[in-house]
Amino acid sequence: MRPRSVCRIAAIVLGLLGPGAGASPIWNEADLTFETTRWEIGESRAEQSAAVLSGDVAWDERIAAHLELRGSRTTGSQSRIPPGASAAALVGWQPLPEWRFQLGCATPSGIRELDAATLGLSRRVGEPVLALSDPDPARGWRAHLSALWGRSPRRGVGLLLGAGADLAASFRATPDLNLNPADAITAHATVAWAVSGWRAHARLHAVREGADRGAGVVIRGGRTLYGFSLGGGLESSPVRLAAGLDVSRSGVCRVPHPEIYGLSRHPGPGTLGRFVLAAEPRVAWDLGGGLRLRPALDVAWRRVLPEGLPFADGWASSAGVRLAIGKDGHELTLGGIWERGRWRAGEEGAGRYAERLRGWRMSAALRWWRMAAPASVVEADG
Amino acid sequence: MKRGRGLCGALVLVGAGLCLVTPRAARAARDSETDWSAWVQEATTALQVGDDETARLAITRLQRLRPEDPLPAYLEGRQLERMGRRGEAADRYRAVILDCGSSLAPEWVELLSGRWVRAARRGDEDWVRSALEQETPPASVPGRHLVLPFEPLQVEEATAAQREELVALGHAAAYWVISAWSADSPGEAIGLHAALLLRQGQVPPEPGRDPQSETTLAPVTTLMGAALRLQELEPAGPPPWAPDAARPERYLEPESVGERVTAVASALAHFQSEHGLAPSGVLDAATRQSLERAYRTQKAKRAARARPPATADPALAAARLAGAETALTGTIEAISGGDVRWSAAWISARDGSLLSVPLSGLLPQAHFAEAWDHLVRSIRAAAPGADTAAPRLPSPTREGAVSFGRALQLVEPGRARSASEMFRRAARAGAGSIARWLADAWSPSEDLLLRWEEELLEREIHGPQRLDPAWVTEETRFLGRRLVDPGRAAASLERPAGLAFLPEQGWLQIIGHVE
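Fair warning: this is a prediction, and the values are worked out from it, not measured in the lab.

A.B. asks: Before we move on, could you go through the overall build of chain B and cite the residues and values that matter?
C.D. replies: Regarding its fold elements, chain B presents 20 helices and six strands. The burial tally for chain B puts 46% of its 515 residues in the buried class. For chain B, the proportion of contacts with a sequence separation of at least 24, taken over those separated by at least 6, is 62%. Accessible area for chain B stands at about 25,000 Å²; split by element, carbon and sulfur atoms hold 54% of it.

See the structure below:
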């Protein structure tokens, strides 16, 4: 089944959901996020502005969807990738409490037929060290199918197992080349805890990626990725904390002729480590009219050890502040983050160079969510 | 041909029969399931609000629906505990474990064992309390024996560690002698915990129980009852919707009670947010349970009640208070070479006169287990009226017996967790399966037992535990990250598209192979 077919099915499912489910949709959350990131990489620069409009809607307890419009514009020192936008929908169906099935689809971004300069820029903004919100601006139709099974053996503990497939359709990456990105199969197992204000999870996942093909020719062989992540959060009276640690490791990737990519051997395995910490002190300034201003602090650190993968070997650390102004289910968040780092690119020996990374990102997000206000009925429910 | 037609006809009939029978059977099973859930809900709610009559009716229905299920007997035990008949409750829990045996699910064994030892202990305390409150001692009951721990003889040369070891051995010896009276043998020996309480003439305060307030306080199911409890409880911090406000002294200010329903709803939402519940402000079953538990815990901390110690000769006074016919006095001392000598005699509880020839023996290091067995059997055989042999009991190693005795000492002041660890150590040192069982039974805290109970009842009422929707959302979003969150996918070295491997130079020339 190709992505376009899956998308057609998803569209039909979405179209039929309202009348079919016999219930009107209830919007639970809507977000509009705008983020601009600018990186100075040695003497050059890369800049990306991305906007995301998303919403969560539910028809009843069993059917819900996440809808998203995403657009971005990427600019380099010498070149510019034209603006592109795509729409995506993820529809979840939970027929039983333990099972959830998901069907999703995304349209092409509209960015195609890149030239050598924009292709190079596209590759550069995809570097994991930079952590841009739209690391792959050029893309075709994509589809997603997955199933999740979960069980709570005792209160506050959850075991979740999931498997999914991501399908990608070919698109004209260059004027002469139809690029068919790899399909991927993901499996994961997660254990989650939630005990009196604490939340934590530990997740193991594996991804099997197929081969990337250009004009029917394998230009990158398949590979397997393994990942482990730990996350936790604390809701206490003085501070709300959220922390996460991710470690991903890639398997060896077979490239038909590594030398033509400037590589001396088959690339991989590579490792990526990421740590993020967000702290929100429970202090707020009353601005009048019910509006409250709350500060928050974000810290992140990333390290990529590509070991031959065509990514840069580097690290980046960032720190920033967020200010949230809001009341009763509406919130505007403004954030600024300063980032520093360093990377080395190229093979050992000749051609290897190191560059200093300096950057910042500014974000503005408008969020609305449906509030579950305390009920006024305070009687026994029997 | 005819045979084929007949076969088809038979298949059609069987199919039609199945169509008719299966839905009916399924419906009956479903109705039974519904009934079961409804009656469990009914019994649980009735127990919470103290409606004993409805609870009894619901439990009877449950017993009829599933005679083999441990739940009705468990609920019966809980009701008896609530009514203050803790000794009977302990008997119920014990009966379920012994009757159902290996067919019980592990979580039921854990819960029932934990309840059993605690109810038995509190049942002993109730019994001793009523014995201490009587103005005149009861008449002695023929065949009832009081066994106190063997007293260590004071030897000047003994170190503190040796004395502690002797005390522990004395406790373990008394426990084994008491255990030598099995259910089917004539006579009875009073439990060690009751014996110790009788000797000290004092009963600890009942945890989490304040009869005066319980009789006057409105039930937690009513708005007033919830409000009065919220007025007593201290929050951990400010409400989640006013995070910068100062922490209030109570969830609900006293003047708010009975004035504004919304004030109580806000206080309830505040309480719920700090106790792991959705802050809805609704007084649902989970909130009622949590509120009542928090209130009881707080009251227990404030309660303190104790009786003055008895002034008479402790051992004889204890035996008379218990209505025992005889008492065992025993001593234990360390002798050279690390061996231990013991002496014991049965005396009359009435006047302290000897009723049997004094016994003595050695517990040598080398053959401790055999000597221990001899101690138990000879004392049991010398008991007045003993006409049956002692049942076969496990013979511990010396280290096992000492650890077991130490665990018994730790149970007395209520240090259940430490006692459990010591029982486990005793089991590892060869004190037998009883040590392992006691370790498991004392291991969970009261709060943990309550949580297990909630989980089991919740499962009986609503089916298996439901997943937290936040987890499901997070995991489905993780699976779909390539579609709706490409930045997140890239952060784990995944590339949704294959541009990474297109060469920057000479990108128009693709050299590869067709798979």
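Picking up after the structure, the text goes on.
A.B. asks: Could you give me a rundown of the nonpolar core, with the residues and numbers involved?
C.D. replies: Residues and elements named next belong to chain B. Grouped together as the largest cluster of nonpolar side chains are 51 residues, with contacts concentrated most on W372, I379, F404 and F423. The dominant element in this core, judged by the number of residues it contributes, is helix α6 (residues 160-179), at nine residues. Of all hydrophobic cores here, the second largest spans 33 residues; its members include L75, A90, W116 and L456.

A.B. asks: Outline the pairing of strand β10 (residues 184-195) of chain A, listing residues and values.
C.D. replies: Alignment of strand β7 (residues 157-168) of chain A against β10(A), held across 10 bridges, turns out to be antiparallel. Bridge pairing links A:A165 to A:I185 in β10(A).

A.B. asks: Kindly report on the pattern of salt bridges, identifying the contributing residues and their values.
C.D. replies: Applying the stated criterion across every chain yields a total of 47 salt bridges over all chains. Its salt-bridge partner being B:D52, residue B:R82 comes within 2.7 Å of it at the nearest N-O pair. With B:R82 in helix α3 (residues 70-82) and B:D52 in helix α2 (residues 52-65), this residue pair connects regions lying 30 residues apart in the sequence. The class of B:D52 is partly exposed, set by a relative accessible area of 23%. B:R78 is paired through a salt bridge with B:E81; the nearest N and O atoms lie 3.3 Å apart. Of this pair, B:R78 and B:E81 both sit in helix α3, three residues apart, roughly one helical turn. One exposure class covers both B:R78 and B:E81, and it is buried. When salt bridges with common partners are traced through the structure, they connect A:R240, A:E280, A:R294, A:D298, A:R322 and A:E331 into a single cluster.

A.B. asks: Any details on helix α18 (residues 469-479) of chain B? Residues and values, ideally.
C.D. replies: Residues and elements named next belong to chain B. Of the positions making up α18, those classed as buried are W471, V472, E475, T476, F478 and L479. The buried residues of α18 occupy an angular sector of 155° when the element is viewed end-on, so they sit on one face. Two or three places before A470, at the start of α18, stands the capping residue D468, its side-chain oxygen 3.0 Å from that residue's backbone nitrogen.

A.B. asks: Now, about the confidence of the model for chain A: what can you tell me, with residues and values included?
C.D. replies: Residues and elements named next belong to chain A. Model confidence for chain A is summarised by a mean pLDDT of 83, while 82% of its residues fall at 70 or above. Mean pLDDT in chain A bottoms out at helix α1 (residues 3-21), which sits at 61, and peaks at β7, which reaches 94. Across residues 372-382, confidence stays below pLDDT 50; counting only partners more than four residues off in sequence or on other chains, it has 31 contacts.

A.B. asks: Residue-level account of the packing of helix α15 (residues 416-428) of chain B against helix α16 (residues 433-442) of chain B, with values.
C.D. replies: All names here are of chain B. Here α15 crosses α16 at 160°, and the two axes come no closer than 8 Å. As judged from the angle between their axes, α15 and α16 are roughly antiparallel. At the point where α15 passes α16, the crossing takes the left-handed sense. For the pair α15 and α16, contact is made by A416, R417, S420, F423, R424, A426 and A427 and by A435, R436, L438, A439, D440 and W442, respectively. Partitioned by chemical class, the residues of the contact of α15 with α16 number eight nonpolar, one polar and four charged.

A.B. asks: I'd love a proper account of the packing of helix α5 (residues 106-133) of chain B against α16(B), names of residues and values included.
C.D. replies: All names here are of chain B. Direction vectors running N to C along α5 and α16 enclose 90°, while the axes themselves pass 7 Å from each other. One element, α5, and the other, α16, form an angle in the roughly perpendicular class. Two secondary-structure elements touch here, α5 through S113, G114, W116, V117, R118 and R121 and α16 through W437, L438, A441 and W442. Here the residues of the contact of α5 with α16 are counted per class, giving six nonpolar, two polar and two charged.

A.B. asks: Could you give me a rundown of unusual backbone geometry, with the residues and numbers involved?
C.D. replies: Residue and element names in this part refer to chain A. Phi is positive for E113, close to 50°, though the residue is something other than glycine. For E113, the location among the structural elements is in the loop between β5 (99-106) and α2 (116-125). Taking the relative accessible area as the measure of exposure, E113 reaches 43% and is therefore partly exposed.

A.B. asks: Before we move on, could you go through the packing of aromatic side chains and cite the residues and values that matter?
C.D. replies: Counting across every chain of the model gives 12 aromatic pairs over all chains. With centroids separated by 5.7 Å and ring planes inclined at 85°, the aromatic side chains of B:W176 and B:W372 adopt a geometry described as edge-to-face. Of this pair, B:W176 sits in helix α6 while B:W372 sits in helix α13 (residues 368-382), placing them 196 residues apart in sequence. An identical accessibility class is assigned to B:W176 and B:W372; each is buried. A network of ring pairs unites the aromatic residues B:Y175, B:W176, B:F368, B:W372, B:F404 and B:F423 as a single cluster. Just above the ring of B:F478 sits the side chain of A:R203; from NZ or CZ to the centre is 4.1 Å. Sitting over the ring of B:F478, B:R481 keeps its end group 4.2 Å from the ring centre.

Rules behind the numbers
- Residues numbered from 1 in each chain as written.
- Chains lettered and ligands numbered in written order.
- Predicted model: local features only at pLDDT ≥ 70, side-chain atom pairs only at ≥ 80, totals over all residues.
- Heavy atoms only, no water.
- Helix = DSSP H or I, 4+ residues; strand = E, 2+ residues; numbered from the N terminus.
- Buried < 20%, exposed > 50% of the residue type's maximum accessible area, 1.4 Å probe, protein only.
- Contact = heavy atoms within 4.5 Å.
- Areas by Shrake-Rupley, 256 points an atom, 1.4 Å probe, with all protein chains shown as cover.
- Core = buried A, V, L, I, M, F, W, Y, C linked by side-chain atoms within 4.5 Å.
- Pairing = 2+ DSSP bridges.
- Salt bridge = Lys/Arg side-chain N within 4 Å of Asp/Glu carboxyl O.
- Arc of directions from axis to C-beta.
- Polar contact = N/O pair within 3.5 Å; in protein donor to acceptor, adjacent residues only side chain to side chain.
- pLDDT = per-residue confidence, 0-100.
- Axes fitted to C-alpha atoms, helices over the stretch in contact; angles between N-to-C directions.
- Parallel < 35°, antiparallel > 145°, perpendicular 65-115°, else oblique.
- Left-handed = near helix turned anticlockwise from the far one by under 90°.
- Nonpolar A, V, L, I, M, F, W, Y, C, P; charged D, E, K, R; others polar.
- Phe/Tyr/Trp six-rings, centres within 6.5 Å; stacked < 30°, edge-to-face > 60°.
- Lys NZ or Arg CZ within 6 Å of the ring centre and 35° of its normal.

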